[in-house]
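Given next are the chains, with one letter for each unit.
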Amino acid sequence: MMPRVHVIGAGLAGLSAAVELCERFDVTLHEAAPQAGGRCRSYFDATLGMTIDNGNHLLLSGNSAALDYAKKTGGFDKLAIAEDAEFDFCDLANKARWRLRPNAGKIPWWILAPDRRLPDTAGLDYLALAKLLFAKPGQTLRPFLGDGDMARRLWDPIFVSALNTAPEEASATLTAAIVRETFAKGGEACRPVVAVDGLSAAFVDPALSYLQGRGARIVFGAKLRGLAFEGDRVVGLEFGETVALDPDDKIVLAVTAPVAQELLPGLSAPTEFRSIVNAHFALPAPKDMPLLTGVIGGWTEWVFAFSDRLSVTISAAEKFLATPREELAAHIWNEVQAVAGISAPLPFWQIIKEKRATFAATPAQDVLRPGPETRWRNLALAGDWTQTNLPSTIEGAIRSGLAAARLFQ
């Protein structure tokens, strides 16, 4: 009889841990919500009459853990991976457009090619990324990027979306970790990856099928209300009724940071969070529009061009939380029309405000992140808020699940 593992939370961190453990353990996956995926999932939106993601997410081909997870669970074919590293931009102020095209190899000769880099820049202007690799703990990002035109048109859009935190307060070392795994490895590691059929189709539904096919039990509507401790072990799980644990049973706690702190008083964890605003418009994107466009000089930051809709992401969006949804939709739609080169009345729309989308990727918050190991020998932590050495991303969430699972191997 295989030993048992209870995984608490069916977001990507919990799914990753469960998938990793189900070959060696009898896995039960507990989720408080009626569905899996957490902040990375799809749902049918009645207003739009289509399935959308609760938030737009972009991966890069250098996100090895996320891609390996998708391959293992069977969701890889639901990911669209660009053939080349290409990033389109549109400046709303002067109608300028350009395309950033890092070359595939590690030697960055692309910065010497005017048609591959940001217009009106020189190769030496890109040394900020090299200097960033030597950032020290406690340093913030803005001094490395500067506050000139290049930062406004290139670095800020890229890194604000990656960290969901303004450069003035964002951790330079977390940014450096992103650069090491993407730009520093060359364009081959920077190809955009998008779940064009939805996040659930690529990362959630295949994982649930994978787990069920290996005998795992999945229980929805199961909110963990407390843990019973005895010495250095967890001996019970409180779900309204107590689940007693055998001496060899293990637990992976893959819940949000605030919930983990409620369950484990005294736990060090991030306490500050940043917001994301997503907008979805029920109008098919023009056929010749790039899948992804960075937007300069507007409220919009990134436009995703899907076959059935146009979607927008605004990171570090605290200033828009109080803005009425109707005002957001109208303003963003005007910007989307300019980016897409279309003229159309406001279609059916949906605005999703995620107030606590990610932990604040600041130096002060980064040092609060715990590792997977706890003082209870049968309890491990997982979540993108744990110490993955990455900001709050899909890649970080999946790595955290793997790290928790390794403690029980």
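Everything in this summary refers to the structure shown in the same document. Note that the coordinates shown come from a computational prediction; the quantities given were computed from them, not determined experimentally.

A word on the overall build of the protein chain
The secondary structure content of the protein chain amounts to 11 helices and 20 strands. Oriented by its inertia axes, the alpha-carbon framework of the protein chain measures out at about 65 × 50 × 40 Å. Contacts spanning at least 24 positions in sequence make up 68% of the contacts within the protein chain whose residues lie at least 6 apart. Looking at the protein chain as shown, the accessible area adds up to about 17,300 Å², and 53% of this sits on carbon and sulfur atoms.

Focus: the packing of helix 1 (residues 12-21) against helix 2 (residues 64-73)
Where helix 1 contacts helix 2, the axes come no closer than 11 Å and their chain directions differ by 55 degrees. If you check the angle between helix 1 and helix 2, you find them oblique. Relative to helix 2, helix 1 is oriented so that their crossing is left-handed. Residue-level inspection shows L12, L15, S16, V19 and E20 of helix 1 in contact with helix 2, the latter providing Y69, K72 and T73. The class makeup of the residues in the contact of helix 1 with helix 2 is four nonpolar, two polar and two charged.

Observations regarding helix 5 (residues 149-163)
An α-helical turn contains 3.6 residues, so any two residues separated by three or four positions project in the same direction. Helix length check: helix 5 (15 residues) gives 20 Å between terminal C-alpha atoms against 21 Å at 1.5 Å per residue, within 8%. Where helix 5 bends most, at W155, the angle is about 50 degrees, and the proline P157 comes one to four residues later. With 11 of its 15 residues buried, helix 5 lies for the most part within the structure. Turning to helix 5, its buried residues number three or more, namely M150, A151, R153, L154, W155, D156, P157, I158, F159, V160 and L163.

A short note on the nonpolar core
Among the nonpolar cores identified, the biggest contains 61 residues, and F89, L154, W155, F159, L237, L253 and L264 are the most heavily contacted of them. The greatest single-element share of this core, amounting to six residues, is contributed by helix 5. Among the nonpolar cores identified, the runner-up in size contains 44 residues, and L12, A17, L67 and Y69 belong to it.

Some thoughts on the side chain of Q350
When you line up the elements, Q350 lands in strand 19 (residues 349-359). For Q350, a relative accessible area of 11% gives the class buried. Side chain to side chain, Q350 and R325 meet in a polar contact 2.3 Å long. Discounting chain neighbours no more than four positions away, the residues touching Q350 are Y43, D45, T47, L48, I52, N278, A279, H280 and R325.

Remarks on the sheet that holds strand 17 (residues 302-305)
The strand order 8-7-16-17-18-15-19 describes an open sheet built from seven strands, whose pairing is mixed. The two strands at the open ends of the sheet, each matched to only one other strand, are strand 8 (96-100) and strand 19. The average undirected angle you get between the axes of adjacent strands in this sheet is 20 degrees. Two strands pair when backbone bridges link them, and strand 15 (residues 273-281) and strand 19 are joined in this way by eight bridges, in the antiparallel orientation. Of the residues in strand 19, the one forming a bridge with A279 is I351. Here helix 9 (residues 325-340) sits on the sheet in contact with strand 7 (87-91), strand 8, strand 15, strand 16 (292-296), strand 17, strand 18 (310-315) and strand 19, set at roughly 100 degrees to strand 19.

Here is what the cut-offs are and how they apply
Residues numbered from 1 in each chain as written. Predicted model: local features only at pLDDT ≥ 70, side-chain atom pairs only at ≥ 80, totals over all residues. Heavy atoms only, no water. Helix = DSSP H or I, 4+ residues; strand = E, 2+ residues; numbered from the N terminus. Contact = heavy atoms within 4.5 Å. Areas by Shrake-Rupley, 256 points an atom, 1.4 Å probe, with all protein chains shown as cover. Axes fitted to C-alpha atoms, helices over the stretch in contact; angles between N-to-C directions. Parallel < 35°, antiparallel > 145°, perpendicular 65-115°, else oblique. Left-handed = near helix turned anticlockwise from the far one by under 90°. Nonpolar A, V, L, I, M, F, W, Y, C, P; charged D, E, K, R; others polar. Expected span 1.5 Å × (residues − 1). Bend = angle between axes of the 7 residues up to and from the residue. Buried < 20%, exposed > 50% of the residue type's maximum accessible area, 1.4 Å probe, protein only. Core = buried A, V, L, I, M, F, W, Y, C linked by side-chain atoms within 4.5 Å. Polar contact = N/O pair within 3.5 Å; in protein donor to acceptor, adjacent residues only side chain to side chain. Pairing = 2+ DSSP bridges.

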